[in-house]
Amino acid sequence: MAGRINDDDVKVVRDAVPIDTVVSEYLQLRPAGGGNMKGLCPFHDEKSPSFQVSPSKGLFHCFGCQEGGDTIAFVMKIDHLSFSETVERLAAKAGITLRYEEGGYNPTHQRGERIRLVEAHKAAADFYVEQLGGEEAAIGRKFLAERGFDQSAAEHFGVGYSPAGWDHLTRFLRGKGFSDKELLLAGLSQDGRRGPIDRFRGRLMWPIRDISGEVVGFGARKLRDDDNGPKYLNTPDTAIYKKSQVLYGVDLAKKDIAKASRAVVVEGYTDVMACHLAGITTAIATCGTAFGTDHIKILRRLLMDNGSARVIFTFDGDAAGQKAALRAFEDDQKFAAETYIAIAPDGMDPCELRLNKGDAAVQDLVEPRTPLFEFAIRQIVSRYDLETPAGRASALDEAGPIVARIKNGASQHEVAVQLAGILGILDTQFVVKRVAQMARWARDRGGRGPAGPASSSSSSASSSSYASGQSPALSGPALNLRSPAHRTERELLKLALQRPELVSPAFDAYGVDEFTAPPYAAVRRAVEDAGGAEQGMASAPEYLAGVREAAPNDAVRALVTELAVEVFHGKTIDESYAGEQLVRVRLRAVDLRIHDVTSTLARLGTGADHERHQAVQNELWVLQQYRQSLRNSGAAAL
């Protein structure tokens, strides 16, 4: 039996693989000051970056969900691996040979399940690539050539061919030491009458890689008329492959998506190939499913989800493509990025466009043309007779709620004006007011209706009136201005509303739970929903209007107004003063977390699971080091 991995080797692995390099495979990181990096947390859904990485310390910590640790802890968490599996994976990446105590080595059959499944897929991908050059695969090479893809293109994307026999791949992988159980779990084989047979037979094969570049599944295209299966057959959901959480081509596109703050969403494998070969290296596609919430989370982390980012959907011009575009619009408001739709005038997809009109036509197609909201509105409006008052009124009733879903108040107003023009309604203000009314109704139906009367004194206001409609995390003690913590939180919110240039972008990385007074937590949430304090650096009136519109009820809306006009306590309001408030609020949040983690450590005792105990100790150490850094360096440590 293999022993545990040598402790010295674990340390070598931890030091050899830079944490920022590993984390950057999953999300975009930007400078956060003090040598740290920040990004959108991959472990919880957030709109402003609260996830920080310290390359010099080899540590990460999220101030939103409190996940933290070193490189090994990050990979364990994000890829759902055990400690040993993670060390083995990182060691392989760094070219480090591991030693195992008790004199053993790590035999193949004892490697972790996920690593074994990934290894099986890598071996399968190599097998399929080799088969593409054979005589039987001539039909596959012809398919590629007819769509403008030569051998180098196939090699770049790892395209292969699955032989038409029953068990060619299964026998090959058995010879590599993989068990039948592993092949069935991987989705590479399936049960036959006399044992496992190949799942994919006689098809063109595209390897589907996760964001880190590991092959986790395949997309298989039918080539022959006597193949009774579907046109495209994908790997079934397995321990390493979930089609709703994978984007084809993201491993190739992720760096350029982050660099350009642009992503192009196409419909198929050949469309991704065509776009990349035409110079659109930010193209990705879903794998046999509609573009959904989990796909958005992946893109948001790569785009950093700022207001200047763009997501461009290129759907076919047919009815199915238009339906897909409308489905995409359903999730549009989950992006902070601007979303567009691009449909070729003649209805060709990017692959057909490149083949018929060349690379330049593909490049021109994905230049932002029509905002997604405008496309959705026009699709709805087109069903009504706008020549009659009744038709215009009915169209407004259906299209109005779509505009009302736009969270940013200034944007909602602008789109409402455009809607009036599309409908041909001359009284623009009527449409604007109607949309605003629909927005209020939608909030009320969602349980975020007006709260009861609040106390005239901010120092004794009831927390429930502010937390109405919010998550349970906003419940807590009533506001008391005599509390130094609450007073500092109030001052920081005033800075975020009145002088955002002094606290941005650091403020936007602060989690809602760092504001311990529920009313202030509600205001922080409103700032976040309005796009963050960075929005205030462009236009103060629009920014404050957006924050007020994002408020869940009248009580929070009133508090936003109050904080936006209240005088500061400090004599000189500058970067130094803003830094003090930022540090005080963060320090209190860190102190509270240290108290919680210390209590957890005490409860675990000495008999706890070693890895769990080590993880808690590691988090405590990270927090203590960060607290010391805040005290020593002030705002520079944020």
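Here, the structure is the one placed above.
Just so we're clear, the structure is a prediction, and the values are computed from it rather than from any experiment.

Rules behind the numbers
- Every chain begins its residue count from 1, and numbering advances along the sequence as written.
- Only residues with pLDDT of at least 70 get local features here, since the model is predicted, and only at 80 or more are side-chain atom pairs given and counted; chain-wide, interface and lining totals rely on the full set of residues.
- With hydrogens and water excluded, all non-hydrogen atoms of the structure serve as input to the side-chain values.
- Secondary structure counts use DSSP, requiring at least four H or I residues in a row for a helix and at least two E residues in a row for a strand, with both numbered from the N terminus.
- The buried label goes to any residue with under 20% of its type's maximum accessible area, the exposed label to any with over 50%, and the partly exposed label to all in between, with areas taken from a 1.4 Å probe on protein chains only.
- We call two residues in contact whenever any of their non-hydrogen atoms come within 4.5 Å of each other.
- Calculation of accessible area relied on Shrake-Rupley with a 1.4 Å probe; when residues are assessed, cover is drawn exclusively from the protein chains displayed.
- DSSP bridges decide pairing: two strands pair if at least two such bridges lie between them.
- The angle between two axes is taken between their N-to-C directions and runs from 0 to 180 degrees, where each axis is a line fitted to C-alpha atoms and a helix contributes only its stretch in contact.
- Note on terminology: a nonpolar core comprises buried Ala, Val, Leu, Ile, Met, Phe, Trp, Tyr and Cys residues joined through side-chain atoms within 4.5 Å.
- Orient the strands so they point away from the viewer, and a crossover whose first-strand-to-second-strand path over the helix runs clockwise is right-handed.

1. Side note on the overall build of the protein
(1) Moving on: A count of helical and extended segments in the protein gives 27 helices and 17 strands.
(2) Moving on: Scored against the burial criterion, the 638 residues of the protein give a buried share of 51%.
(3) Moving on: Residue pairs in contact within the protein that sit at least 24 positions apart in sequence constitute 67% of those at least 6 positions apart.
(4) Moving on: Here the protein has roughly 28,500 Å² of accessible surface; of this, 50% comes from carbon and sulfur atoms.

2. Focus on the sheet that holds strand β3 (residues 51-54)
(1) Moving on: Spatially, β1-β2-β3-β4-β5 is the arrangement adopted by the five strands of the open sheet, whose pairing is antiparallel. Edge positions in the sheet fall to β1 (30-33) and β5 (68-70), since each has one partner strand and no second. Across the sheet, the axes of successive neighbouring strands diverge by a mean angle of 25°, strand direction being ignored.
(2) Moving on: Sitting on the sheet, helix α3 (residues 71-79) touches β3, β4 (59-62) and β5, and the angle it makes with β5 is about 120°.

3. Remarks on the nonpolar core
(1) Moving on: The biggest cluster of nonpolar side chains holds 61 residues, and the ones touching the most others in it are L144, W206 and F218.
(2) Moving on: Per element, the largest residue contribution to this core is eight residues, and it comes from helix α5 (residues 113-131).
(3) Moving on: Not counting residues within four places of it along the chain, the set of residues in contact with L144 comprises L132, F149, A154, V159, L204 and W206.
(4) Moving on: In terms of nonpolar packing, the next biggest core, distinct from the first, is built from 48 residues, V512, V556, V560 and V616 among them.

4. Here's the deal with the pairing of strand β15 (residues 310-313)
(1) Moving on: In this sheet, β15 lies alongside strand β13 (residues 262-266) in parallel orientation, the contact comprising four bridges. Residue pairing for β15: A263 is matched across the bridge by V311.
(2) Moving on: Where β15 and strand β16 (residues 338-341) come together, four bridges link them in parallel fashion. Considered in β16, the bridge of V311 is made with T339.

5. What about the sheet that holds strand β10 (residues 215-222)?
(1) Moving on: On the basis of which strands lie adjacent, the open sheet formed by four strands has the order β6-β9-β10-β11 and antiparallel pairing. Where the open sheet ends on each side, the last strands, each with one partner, are β6 (160-162) and β11 (232-234). Ignoring strand direction, the axes of neighbouring strands in this sheet form an average angle of 35°.
(2) Moving on: Across three bridges, the pairing between β6 and strand β9 (residues 203-209) is antiparallel. Note that in β9 the partner of Y161 across the bridge is L204.
(3) Moving on: On top of the sheet, α5 reaches β6, β9 and β10; it is set at about 35° to β10, its chief contact.
(4) Moving on: The sheet strands contacting helix α11 (residues 269-277) are β9, β10 and β11, and the helix crosses β9 at an angle near 70°.

6. A look at the pairing of β13
(1) Moving on: Here β13 lies mainly inside the structure; five of its five residues are buried.
(2) Moving on: Where burial is concerned, the two faces of β13 agree: the one with R262, V264 and V266 and the one with A263 and V265 are both buried.
(3) Moving on: Relative to strand β14 (residues 283-286), β13 is paired through three bridges, and the arrangement is parallel. Counted as the bridge partner of V266 is A285 from β14.
(4) Moving on: In this fold, the crossover linking β13 to β14 by way of α11 has right-handed handedness.

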